[in-house]
Amino acid sequence: MSYNIFSLARNALSGHKNWQPAWREPEPKASYDVVIVGGGGHGLATAYYLAKEHGITNVAVLEKSWLGSGNIGRNTTIIRSNYMLEGNNPFYEWSMKLWEGLEQDFNFNAMVSQRGIMNLFHSDAQRDAFARRGNAMRIHGVDAELIDREQVREKVPFLSFDNARFPIQGALIQKRGGTVRHDAVAWGFARGADSRGVDIIQNCEVQGIKMEAGKVVGVETSRGYIGCNKLALCAAGNSSEVAAMADMKLPLESHVLQAFVSEGLKPYLDTVVTYGVGHFYVSQSDKGGLVFGGDIDGYNSYARRGGLPTVEHVIEAGVSMIPGISRVKILRSWGGIMDMSMDGSPIIDKTHIDNMYLNCGWCYGGFKATPASGWCYAWTIAKDGAHELNSQMRLDRFRRGYMMDEKGMGAQPNLH
Amino acid sequence: MLIKCPFCGDRPSEEFTYRGDARPKRPKAVETEVSDEWFDYVYLRDNVKGRMHEHWHHSGGCRAWLVLERDTASHEIFGVTTAPEYARKGKI
C-alpha cells in the first residue's frame, strides 16, 4: 500500500485500525539468488536497490537480531558530503543526492532535513586546512562555503567565541548537509525491499559459510541452512567474525563509539555543528533533545557500551563549545560497534571467492553513506564488478599501497 | 576500566595509551618487495571477539609498556604483565 493523503484519510475514517505491517515476516526459503548477511541500513539499502535498479528480487536479508538493532539505530543521524579525496568525495556526494530524493523514491517519511553542517575552525592552520577541503569539494561540484566568525555568530550566537586558547575564527559550512530520522531509513528501505519481493528474515544469525569447489553455496543459520548463488556480507562491526567463516582475515578492528541525547529543549539549534578543538558534534532532534557524540573509546570492543572517561571527555568538549548547556541533563547514552578500517575509508568490493562480496570498513561514518553504499553494493553484486563510484573502495588497496586516508593516520584504526 | 599496572597499582584506563593486539610478531626480514608477511602484520587483524592479549602504554604514569589479557566483549581484564616479561614467556 502506498502512503499518501488518500490512504491517510481512508485509515483515519476507519479509526486507524486497518494499517498493515510495513513488511512481511516470511519463513526462509531453501535458497535465494542473493543472500545478504546483515539487516542494518546498508544491507537493507542493498536489497532495495538490487530489486529496484537491477530487478533481482529473489533476495534474502538475514538479520541476527531485530531489524535496525545495530548501528542504523545508534548513530547521530548526520548526513554530509564534505570529503576531500578523489575516491571518497563523488561517492558521498552521490549519497547526498540519493538522500535528497529518497523519501519520494521509497515512499516513506525519513524526515530528511537539510539544515546544514558547520565545521568550526580555531586557528589559521585549521582555516587553511578547511579552505583546502572546501575547495576540493567545490571542484567535485559539492556546495561548500568558508564563513567568518561574525557569520558564525549570526547563525549560532551562543557558542563560546572567545575561548582563551581556541577562539572561533569561522567555519566551513555545507548547507545541503543535515540530519535524517535514522530508524525511518531502515524502515523505509525494508518496506521498499519487501514490497518488491525481498525476504527480510529477522532473528536469523549466520553461523557458517558453506563452500564447494571454491564457491559459496549457502549459509548455516540459527534458522537452518539457506542456499545462495551469491553471498553479500554487510555485517559492520561483526564483519571480521562473519568473514572468518570463509577463512578471510580483514583489515578491520572493531571499536566502540558512544552517542548521547539530552533532555528535550525548546528549539535552540537549527543546524549541525562540529567542534574544531575536541571531537564533538551536535544537532537538535525534532523532539528537542540535543543529539551528540565524540571520538571512539580507542580500544578494541564488541561490547556496545563504552567507558565513563569518554563520556566525560565528550561532555567537556560540548560545554566548552556551548557553555549554556552545562546544566542540561543527559537522558541516554549508548554504544555501537564500528568496523574501523586501516585507512579510515570503507570497502565495497568482490572478494577472492568468486560469488562472495564484501561491504565493511565504515568506521564511524556509515550512516550518511547508507543510500550510496546500498546502491553501489547492489551494482557490484549484480554486475559482478565495481561501479566507478566505489572503484577505489577496494579490499586489495592496502596491499597495492593505494590508501584513502582522509586523516593521514596510517594503519592505526583507533586514530581515524 | 581500571588497569592494574605492576608498578603503580590500580589506575584508570585514561592514563594509558592503547596500541592493539600483542600477539602478531613483527617480521624479521627486511625486503624491498612487499612480502605477504609484512602485509599481514601491518594491515590485517584477527579482531578478536573475546579474550585478547593487547599492548597498553602507561603514558600518563610510569611509561611502562604492558600486556593485558582483556575480554573485548565484556571489557573484563584477566591479567597484566610487562611487555618484556610477555616477550620472554609468551604468556601473561
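Here the structure is shown first, and the text comes after it.
Since this is a predicted model, take the numbers as computed values, not measurements.

Caption draft 1: Layout of the overall build of chain B. Secondary structure summary: chain B contains 2 helices and 6 strands in total. Ordered by position in the sequence, the α and β elements of chain B form the string β-β-β-α-β-β-β-α. Taken along the three principal axes of its C-alpha coordinates, chain B extends 45 × 25 × 25 Å. Within the span of chain B, comprising 92 residues, buried residues form 41% of the whole. In chain B, of all internal contacts separated by at least 6 residues, the share reaching a separation of at least 24 is 45%.

Caption draft 2: The arrangement of empty space enclosed by the protein in detail. Scanning the entire structure with this criterion turns up 1 cavity of 30 Å³ or more. Of the pockets and cavities examined, the largest cavity occupies roughly 30 Å³. If you trace the largest cavity, you find it lined by Glu 253 and Asn 300 of chain A together with Asp 21, Arg 45, Asp 46, Asn 47, Val 48 and Met 52 of chain B. Among the residues making up the lining of the largest cavity, the classes are represented as 2 nonpolar, 2 polar and 4 charged.

Caption draft 3: The arrangement of the state of the cysteines in detail. Tallied over the full model, the rule gives 0 disulfides over all chains. Not engaged in a disulfide, the cysteine Cys 376 of chain A finds its nearest cysteine sulfur in Cys 234 of chain A; these two sulfurs lie 12 Å apart.

Caption draft 4: Representation of the interface of chain B and chain A within the structure. Facing the 23 residues of chain B at the interface are 26 residues of chain A. Summing both sides of the interface, chain B and chain A together bury roughly 2,300 Å²; the carbon and sulfur share of this comes to 50%. For the chain B face of the interface with chain A, the top three residues by lost area are Tyr 43, Arg 45 and Asn 47 of chain B, together amounting to 32%. Applying the counting rule to chain B against chain A returns 4 salt bridges.

Caption draft 5: Representation of the pairing of strand S17 (residues 347-350) of chain A. With 4 bridges connecting them, S17 of chain A and strand S18 (residues 356-360) of chain A associate as antiparallel partners. Opposite Ile 348 of chain A, over in S18 of chain A, you have Asn 359 of chain A as the bridge partner.

Caption draft 6: Layout of the nonpolar core. Core analysis: the largest hydrophobic core is formed by 51 residues, its most contacted members being Ile 36, Tyr 49, Phe 91 and Phe 189 of chain A. Listing elements by their share of this core, those giving two or more residues are strand S1 (31-37), helix H2 (41-54), strand S2 (59-62), helix H3 (89-106), helix H6 (182-195) and helix H9 (370-383) of chain A. The residues contacting Phe 189 of chain A, other than those within four sequence positions of it, are Gly 41, Leu 44, Ala 45, Tyr 48, Tyr 49, Leu 102, Phe 106, Thr 370 and Pro 371 of chain A. Judged by nonpolar contacts, the second largest core, of 33 residues, contains Cys 228, Ala 243 and Leu 252 of chain A together with Leu 44 of chain B.

Caption draft 7: Main features of a nonpolar patch on the surface. Residues and elements named next belong to chain A. A surface patch of nonpolar side chains, amounting to about 550 Å² of accessible area, comprises Met 1, Ile 5, Phe 6, Leu 8 and Trp 19. Note on placement: Trp 19 falls in the loop between helix H1 (5-13) and S1. Residue classification places Trp 19 among the partly exposed positions, given a relative accessible area of 31%.

Caption draft 8: Highlighting the pattern of salt bridges. All names here are of chain A. A full pass over the atoms with the stated rule returns 32 salt bridges over all chains. Residues Arg 24 and Asp 199 are paired through a salt bridge, measuring 3.1 Å at the closest nitrogen-oxygen approach. Taken together, the residues Arg 24 in the loop between H1 and S1 and Asp 199 in strand S8 (residues 199-201) connect sequence positions 175 residues apart. Its relative accessible area of 36% is what places Arg 24 among the partly exposed residues. The class of Asp 199 is buried, set by a relative accessible area of 6%. Among the ionic pairs, Glu 27 bridges to Arg 223, the shortest N-O distance being 3.2 Å. One end of the pair, Glu 27, is in the loop between H1 and S1; the other, Arg 223, is in the loop between strand S10 (215-221) and strand S11 (224-233), with 196 residues separating them in the sequence. Taking relative accessible area as the criterion, Glu 27 reaches 60% and is therefore assigned exposed. The class of Arg 223 is partly exposed, set by a relative accessible area of 31%.

Caption draft 9: A look at the layout of surface pockets. The calculated volume of the second largest pocket comes to roughly 690 Å³. Forming the walls of the second largest pocket are 24 residues, and the residues nearest its centre are Ile 296, Asp 297, Gly 298 and Thr 310 of chain A together with Phe 16 of chain B. Broken down by secondary-structure element, the contributors of at least two residues to the lining of the second largest pocket are strand S15 (289-300) and helix H8 (308-321) of chain A together with strand S3 (17-21) of chain B. In terms of residue count, the dominant contributor to the lining of the second largest pocket is S15 of chain A (5 residues).

Caption draft 10: Geometry of the side chain of Asn 359 of chain A. Residues and elements named next belong to chain A. Along the polypeptide, Asn 359 turns up in strand S18. A polar contact is formed between the side chain of Asn 359 and the side chain of Trp 362, at a distance of 2.6 Å. Of note is the side chain of Asn 359, whose polar atom sits 2.9 Å from the side chain of Ser 373. Among all residues touching Asn 359, those that are not within four sequence positions of it are His 42, Leu 233, Cys 234, Ala 235, Ser 239, Ile 347, Ile 348, Ser 373 and Tyr 377.

Caption draft 11: The packing of H3 of chain A against H6 of chain A, seen in detail. Residues and elements named next belong to chain A. Interhelical geometry of H3 versus H6 gives an angle of 50° and a closest axis separation of 10 Å. When the axes of H3 and H6 are compared, the pair comes out oblique. Crossing of H3 against H6: the hand is left-handed. When H3 is examined against H6, the residues Trp 99, Leu 102 and Phe 106 are found in contact with a partner set consisting of Ala 184, Val 185, Gly 188, Phe 189 and Arg 191. When the residues that make up the contact of H3 with H6 are grouped by side-chain class, the tally is 6 nonpolar, 1 polar and 1 charged.

Caption draft 12: Here's a closer look at the environment of Ser 345 of chain A. Residues and elements named next belong to chain A. With respect to the helices and strands, the residue Ser 345 is situated in the loop between strand S16 (330-341) and S17. Sequence spacing of Ser 345 and Ser 254 is 91 residues, and the spatial spacing of their C-alpha atoms is 14 Å. With sequence-adjacent residues up to four places away left out, Ser 345 is seen in contact with Asn 88, Gly 361, Arg 397 and Met 404. Side chain to side chain, Ser 345 and Asn 88 meet in a polar contact 3.1 Å long. Of note is the side chain of Ser 345, whose polar atom sits 2.6 Å from the backbone oxygen of Met 404.

Caption draft 13: Structural context of the sheet that holds S3 of chain B. All names here are of chain B. Taken together, 4 strands build an open sheet; the order of strands is S3-S4-S5-S6 and the sheet is antiparallel. Two strands in the sheet have a free side with no partner beyond their single neighbour: S3 and strand S6 (77-82). Recorded for the sheet is a direction-independent mean angle of 25° between the axes of neighbouring strands.

So, how was this worked out
- Residues numbered from 1 in each chain as written.
- Chains lettered and ligands numbered in written order.
- Predicted model: local features only at pLDDT ≥ 70, side-chain atom pairs only at ≥ 80, totals over all residues.
- Heavy atoms only, no water.
- Helix = DSSP H or I, 4+ residues; strand = E, 2+ residues; numbered from the N terminus.
- Buried < 20%, exposed > 50% of the residue type's maximum accessible area, 1.4 Å probe, protein only.
- Contact = heavy atoms within 4.5 Å.
- 1 Å grid on protein atoms, 1.4 Å probe; cavity = no way out; pocket = protein on both sides within 12 Å on 5 of 7 lines; lining within 4 Å.
- Points joined across faces, edges and corners; volume = space filled by probe spheres on them.
- Nonpolar A, V, L, I, M, F, W, Y, C, P; charged D, E, K, R; others polar.
- Disulfide = S-S within 2.5 Å.
- Buried area = accessible area lost by both parts, 1.4 Å probe.
- Salt bridge = Lys/Arg side-chain N within 4 Å of Asp/Glu carboxyl O.
- Pairing = 2+ DSSP bridges.
- Core = buried A, V, L, I, M, F, W, Y, C linked by side-chain atoms within 4.5 Å.
- Patch = residues over 30% accessible without salt bridge, like charges linked within 9 Å, V, L, I, M, F, W, Y side chains within 5 Å.
- Areas by Shrake-Rupley, 256 points an atom, 1.4 Å probe, with all protein chains shown as cover.
- Polar contact = N/O pair within 3.5 Å; in protein donor to acceptor, adjacent residues only side chain to side chain.
- Axes fitted to C-alpha atoms, helices over the stretch in contact; angles between N-to-C directions.
- Parallel < 35°, antiparallel > 145°, perpendicular 65-115°, else oblique.
- Left-handed = near helix turned anticlockwise from the far one by under 90°.

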